[in-house]
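Read off the chains here:
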Amino acid sequence: MKVPLLDLKPQYAQIKDKVLPEIMDTIENQAFILGPKVAKLETQMAEYIGTDYAIGCSSGTDALILALMALDIGNGDEVITTPYTFFATASSIHRVGAKPVFVDIEPDTYLMDVNKIEAAITDKTKAIMPVHLFGQCVDMDPLMEIARKHNLKVIEDACQSIGSTYKGKGAGSIGDIGCFSFFPSKNLGGFGDGGLVSTSNKEIYDRIIGLRVHGGIVQYHHQEVGLNARLDALQAAVIMVKLPYLKGWTEGRRKNADLYNELFKDNANIVTPVEKSERYHIYNQYVLRVENRDELKNHLSANEIGCSVYYPLSLHQQKCFSYLGYNKGDFPESEKAALSTIALPIFPELTEEQIRFVAKTVNDFSKS
Ligand SMILES: *Cc1c(COP(=O)(O)O)cnc(C)c1O
């Protein structure tokens, strides 16, 4: 039996009859950039996330850059974030000229340890950028309290967490700005790159609307230098067709996670993902912690089971960030996680038989 890490073809089969006419309609209209489809998607997404506004843009990375620019974060500023995340979290901070300042993660959730934030604050700190990694929200109440106390902005990197909640509030609706990605492997993916910014602040909304079109809402008149960071109408059409399915797909992922947890519960060599109380995990990734990670990875590959390591090298150890002056050992929990975690297939269309096969293959290996 072959089990891929992610197979988007069964999802496409579910939506094919609805998505192809929408794509054809977009092509017939020959209106490809922004326009009514993007505007309609923005309204629907704001409602889904729980904010007053949403702004479609070209990628999750550009969503983060637009968010930082809209808060006037740049040269000389510091932004506190996690070293255990996708590269774009920290690269966006670097890209606007600011300095990423890392704090370590919690060993059980792999999320930013909010107890470590205050020690990292300096008089240059402008914002905190928590990452709702793998589909679960950071402990936002204490984080927001710290932000308020020190007058800091909060940009939520919710690129892996659309539909995830914290105490009933949607990821991306708690801080000043939320950032989302429609990269195809995210839980709500387009047929290419795309992203979205969420906010309930009208000033920030107006600013980002301009920033995504070269900093000028009136064409050829520029208030400031922005980006070309627009969302394609074709992507909006695809995402709009998929949105009504997202709740069901998320439930499918959660059901798969429950079954894995059950099948791994007697194996003392495996640490399964933790869902904290009052949080709704959407399992963009189902990540195990194991002793002999690299051997397990090889074993799964040999058995034609897809798996991946998110992420093998913490950001403070990346060559491009050596100028930040961090050393090995500075963030021990991130470094440990980078050496011991592995993601298994979790997409909603997996069959029970496939999940049992994956779990058995893992258990047979990890018990020996
Ligand atoms: C995917 C992702 C991004 C970037 O999104 P793109 O659409 O690929 O640019 C940023 N942060 C995190 C945590 C992500 O997972």
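About the cut-offs
Residues numbered from 1 in each chain as written. Predicted model: local features only at pLDDT ≥ 70, side-chain atom pairs only at ≥ 80, totals over all residues. Heavy atoms only, no water. Near = heavy atom within 4 Å. Polar contact = N/O pair within 3.5 Å; in protein donor to acceptor, adjacent residues only side chain to side chain. Areas by Shrake-Rupley, 256 points an atom, 1.4 Å probe, with all protein chains shown as cover. 1 Å grid on protein atoms, 1.4 Å probe; cavity = no way out; pocket = protein on both sides within 12 Å on 5 of 7 lines; lining within 4 Å. Sits in = over half its atoms within 2 Å of the grid points. Helix = DSSP H or I, 4+ residues; strand = E, 2+ residues; numbered from the N terminus. Nonpolar A, V, L, I, M, F, W, Y, C, P; charged D, E, K, R; others polar. Points joined across faces, edges and corners; volume = space filled by probe spheres on them. Domains from an automatic or database assignment. Buried < 20%, exposed > 50% of the residue type's maximum accessible area, 1.4 Å probe, protein only. Contact = heavy atoms within 4.5 Å. Pairing = 2+ DSSP bridges. Right-handed = clockwise from strand over helix to strand, strands pointing away.

## Re the site of the ligand
Of all residues adjacent to the ligand, which total 15 residues, the nearest are Gly60, Thr61, Asp157, Ser181 and Lys186. Contacts to the ligand include Thr61, whose side-chain N or O atom sits 2.5 Å from an oxygen atom. Between a nitrogen atom of the ligand and a side-chain N or O atom of Asp157, the distance comes to 2.8 Å. Relative to its unbound accessible surface of 380 Å², the ligand loses 93% to contact with the protein. The cavity where the ligand resides is the largest pocket. Of all elements in the fold, only α3 (60-70) and α4 (87-95) reach the threshold of two or more residues within the shell around the ligand. Sorting elements by how many residues they give to the shell around the ligand places α3 first, with 3 residues. Tallied by class, the residues present in the shell around the ligand amount to 5 nonpolar, 8 polar and 2 charged.

## Overview of the layout of surface pockets
By volume, the largest pocket is sized at about 330 Å³. The wall of the largest pocket is formed by 21 residues, among which Phe86, Gln160, Ser181, Phe183 and Lys186 lie closest to the centre. Secondary-structure elements contributing two or more residues to the lining of the largest pocket are α3 and α4. In the lining of the largest pocket, the residues fall into 8 nonpolar, 10 polar and 3 charged. Each of domain 1 (9-244) and domain 2 (246-367) accounts for three or more of the residues forming the lining of the largest pocket.

## Concerning helix α8 (residues 233-242)
The buried count for α8 comes to 9 of 10 residues, which makes it a mostly enclosed element. Here the buried face of α8 lies against α1 (9-29), α2 (36-49) and α9 (246-264).

## Considerations on the pairing of strand β2 (residues 78-81)
Covered by surrounding structure in β2 are Glu78 and Ile80 together with Val79 and Thr81, the residues of both alternating faces. Pairing geometry for β2 and strand β3 (residues 99-102), over 4 bridges, is parallel. Bridge assignment links Thr81 to a residue of β3, and that residue is Phe102. With α4 bridging β2 and its parallel neighbour β3, the resulting β-α-β unit is right-handed. Two strands pair when backbone bridges link them, and β2 and strand β4 (residues 125-128) are joined in this way by 3 bridges, in the parallel orientation. Paired with Ile80 across the two strands is Ile128, which belongs to β4.

## Notes on empty space enclosed by the protein
Inspection of the entire model under this criterion finds 2 cavities of 30 Å³ or more. In this structure, the largest cavity occupies an estimated 70 Å³ of space. Asp108, Thr109, Tyr110, Leu133, Phe134, Gln136, Pro273, Val274, His281, Gln285 and Val287 together form the lining of the largest cavity. Of the residues that constitute the lining of the largest cavity, the class distribution is 6 nonpolar, 4 polar and 1 charged. When residues of the lining of the largest cavity are assigned to domains, at least three map to each of domain 1 (9-244) and domain 2 (246-367).

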